[in-house]
Amino acid sequence: MIKGILTVVAVAFVGVVGYKILEKKNPGLIRKVKGSVSGVGQKVGAIIDDAKESFYEGYAQA
């Protein structure tokens, strides 16, 4: 159990250090990735809304 906790802590530490290095070397990359992730969330939401609307329209006519 202790090994697992130490592994999680080590991975988190490496992730934070890697993020800070990337942010320092290429801050535009971080902004670009955050923007594309945000865009994907909005597109998925729009697709779900369209599917829900189509379902309701089909259900109302049945």
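Residues numbered from 1 in each chain as written. Predicted model: local features only at pLDDT ≥ 70, side-chain atom pairs only at ≥ 80, totals over all residues. Heavy atoms only, no water.

Engineer: Help me understand the overall build of the protein chain in this model?
Structural biologist: Within the protein chain one finds 2 helices and 0 strands. A total of 62 residues make up the protein chain; the buried ones form 2% of that total. Looking at the protein chain as shown, the accessible area adds up to about 5,700 Å², and 70% of this sits on carbon and sulfur atoms. Distance from the positive charge centre (9 side chains) to the negative charge centre (5 side chains) of the protein chain: 25 Å. (Helix = DSSP H or I, 4+ residues; strand = E, 2+ residues; numbered from the N terminus. Buried < 20%, exposed > 50% of the residue type's maximum accessible area, 1.4 Å probe, protein only. Areas by Shrake-Rupley, 256 points an atom, 1.4 Å probe, with all protein chains shown as cover. Lys, Arg positive; Asp, Glu negative; His and termini not counted. Charge placed at Lys NZ, Arg CZ, Asp CG, Glu CD.)

Engineer: Please clarify how a negative patch on the surface should be interpreted in this entry.
Structural biologist: On the surface, Asp49, Asp50, Glu53 and Glu57 cluster together into a patch of negative charge. Here Asp50 is to be found in helix 2 (residues 27-61). (Patch = residues over 30% accessible without salt bridge, like charges linked within 9 Å, V, L, I, M, F, W, Y side chains within 5 Å. Salt bridge = Lys/Arg side-chain N within 4 Å of Asp/Glu carboxyl O.)

Engineer: I would appreciate a short explanation of the environment of Glu53 in the present structure.
Structural biologist: Within the secondary structure, Glu53 sits in helix 2. Residues Glu53 and Leu6, 47 residues apart in the sequence, show an inter-C-alpha distance of 48 Å.

Engineer: I keep staring at the environment of Asn26 and nothing clicks. Help me out?
Structural biologist: Of note, Asn26 is situated in the loop between helix 1 (2-25) and helix 2. Taking the C-alpha atoms as reference points, Asn26 and Asp50, separated by 24 residues in sequence, lie 37 Å from one another.

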